[in-house]
Amino acid sequence: QVQLVESGGGLVQAGGSLRLSCAASGSIFSINAMGWYRQAPGKQRELVAFITSGGSTNYVDSVKGRFTISRDTAKYTVYLQMNSLKPEDTAVYYCNRGASTKIAGIATMAAFGSWGQGTQVTVSS
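Conventions adopted
- Residues numbered from 1 in each chain as written.
- Predicted model: local features only at pLDDT ≥ 70, side-chain atom pairs only at ≥ 80, totals over all residues.
- Heavy atoms only, no water.
- Disulfide = S-S within 2.5 Å.
- Helix = DSSP H or I, 4+ residues; strand = E, 2+ residues; numbered from the N terminus.
- Buried < 20%, exposed > 50% of the residue type's maximum accessible area, 1.4 Å probe, protein only.
- Pairing = 2+ DSSP bridges.
- Axes fitted to C-alpha atoms, helices over the stretch in contact; angles between N-to-C directions.

A word on the state of the cysteines
Here comes step 1: Tallied over the entire structure, the rule returns 1 disulfide.
Here comes step 2: The disulfide partner of cysteine 22 is cysteine 95, and the gap between their sulfur atoms is 1.9 Å. Taking the torsion about the S-S bond as the criterion, the cysteine 22 to cysteine 95 disulfide, at about 65 degrees, is right-handed. With cysteine 22 in strand β3 (residues 18-26) and cysteine 95 in strand β9 (residues 91-103), the pair connects residues that are 73 residues apart, well separated along the chain. As far as the burial class goes, cysteine 22 and cysteine 95 line up, both buried.

So, in structure tokens, the structure goes:
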């Protein structure tokens, strides 16, 4: 069983940057796709970015060019570098493990792990 702990959130002004970390612990037998999700008040959880076991990265259109997902395999840690933050990026950010797939030709991932507490990102105007 793998447990994921998110950290790095905070309060920043628009245009600022944050780096989120997702540390995995427990019994890890394989490297799966890992992704960052976010959920804003009153909205459904949204897949923001994910990285496959092979290292390929994918992003939702709204964060392309601003966010970068990366993984340190040796540390079992995935990161999300967020630059040029906007107020609409405000949300609780979660990480999870899953399997990469395609829906209607669009790359995505299906999470299969448990959801943790996430880390709050607040971007002020």
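Observations concerning the sheet that holds strand β7 (residues 67-72)
Here comes step 1: Pairing in this open sheet of 4 strands is antiparallel, and the strands run β1-β3-β8-β7 from one edge to the other. One side of each edge strand has no neighbouring strand; the edge strands of this open sheet are β1 (2-7) and β7. Going across the sheet, the axis of each strand differs from the next one's by a mean of 15 degrees, ignoring polarity.

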